Amino acid sequence: MESHVEKLSEYDEHLEILGDRNSYSKTDHDAAFMRMKEDAMRNGQTKPGYNLQIGTENQYITDFALFPNPTDTTTMIPFTESYQERYNRYPDRQVAASGYGSEENYHFMEEHEIEPFVKYNYFHKEHRPRYVVNPFSPQGMYYNKEKDYYVCPMGQHMTPIGIKRGKTENGYPTESTIYGDVNCEGCPLRSSCYKAKGNRTIEVNHRLNAYKQYAAELLTSEEGIKERGRRCIEPEAVFGQMKADMQYKRFRHFGEDKVKMDLAFWCIAFNLKKYCKKAA
Ligand code: SF4
């Protein structure tokens, strides 16, 4: 033990710096390793960085925040909270890509009366003109809402047999109903229906489905089509100007505080430059 004490305390130190993250950079303890779009070696090598989120309106940067996690889903709530801290109110609506469309995020927007113009993972696929819903999937089966049962393609009623509860990374509780109680033995559709052993069961998250349906209604409305069109020329255009036109591709400081300061000055300069150009 004595010979390992030094190494063990070194590991403790690493774990303390690491916190909830799964990596950190030795040269910048606040940066975590992520896959970058720029991949000169073409081997998916990870590099230390921050996940930068920006909010824009008419191509002016209204808010920004840096996150140590590479996925966007979990950044939406803290990012919207940062907007609330800055402006003392929540935005009226949020327009975002499908990476942000989770039950937790939809619930947060509902709680704060924010209109969710936010896509979910299968939104585009579902709205293709040639999209045909799979009759063996829960979406393709008839659902009787009053009596709470699904009808499988062979006409058997799938009734609730249990509840599956879970928690997201942020501790948000999720709940899915499991439907089953059918006899699949000898069913001629068995091979097309499912591959697992025993009788078939399906899991349905009704709350998430309701959120998705509401988001889809908004996104396909006249207003939604306009907002979706604007999304491509809002944050994406700002990122384009930032990275391609102005070559601001790397932070020049180490540590989150300094990086934030660097970025804040850059955003002020960017907004002023845009304002002067528009005013001229
Ligand atoms: S395999 Fe079972 S669930 Fe699938 S269609 Fe046949 S009876 Fe229905």
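In this report, the structure presented in the accompanying data block is examined. (Residues numbered from 1 in each chain as written. Predicted model: local features only at pLDDT ≥ 70, side-chain atom pairs only at ≥ 80, totals over all residues. Heavy atoms only, no water.)

### Some details on the pairing of strand β1 (residues 32-35)
Piece 1. Here β1 shows one buried face, formed by Ala32 and Met34, and one open face, formed by Phe33 and Arg35.
Piece 2. Looking at chain direction, β1 and strand β2 (residues 46-49) are connected through four bridges and run antiparallel. In the strand pairing of β2, Ala32 is matched with Gly49. (Buried < 20%, exposed > 50% of the residue type's maximum accessible area, 1.4 Å probe, protein only. Helix = DSSP H or I, 4+ residues; strand = E, 2+ residues; numbered from the N terminus. Pairing = 2+ DSSP bridges.)

### Description of a nonpolar patch on the surface
Piece 1. Among the surface-exposed residues, Met261, Phe265, Ile268 and Leu272 lie close enough to one another that they form a single nonpolar patch of about 420 Å² accessible area.
Piece 2. With a relative accessible area of 39%, Met261 lands in the partly exposed category. (Patch = residues over 30% accessible without salt bridge, like charges linked within 9 Å, V, L, I, M, F, W, Y side chains within 5 Å. Areas by Shrake-Rupley, 256 points an atom, 1.4 Å probe, with all protein chains shown as cover. Salt bridge = Lys/Arg side-chain N within 4 Å of Asp/Glu carboxyl O.)

### A short note on helix α8 (residues 235-245)
For an α-helix, the turn length of 3.6 residues means that residues three or four places apart are oriented alike.
Piece 1. Within the span of α8, buried status applies to Pro235, Val238, Gln241 and Met242. Across the axial projection of α8, the buried residues extend over an arc of 125°, all falling on one side. Opposite the buried face of α8, at more than 90 degrees from it, the exposed residues are Ala244 and Asp245.
Piece 2. Buried residues along α8 sit in contact with β3 (51-57), β4 (60-67), α7 (222-233) and α9 (256-279). (Arc of directions from axis to C-beta. Contact = heavy atoms within 4.5 Å.)

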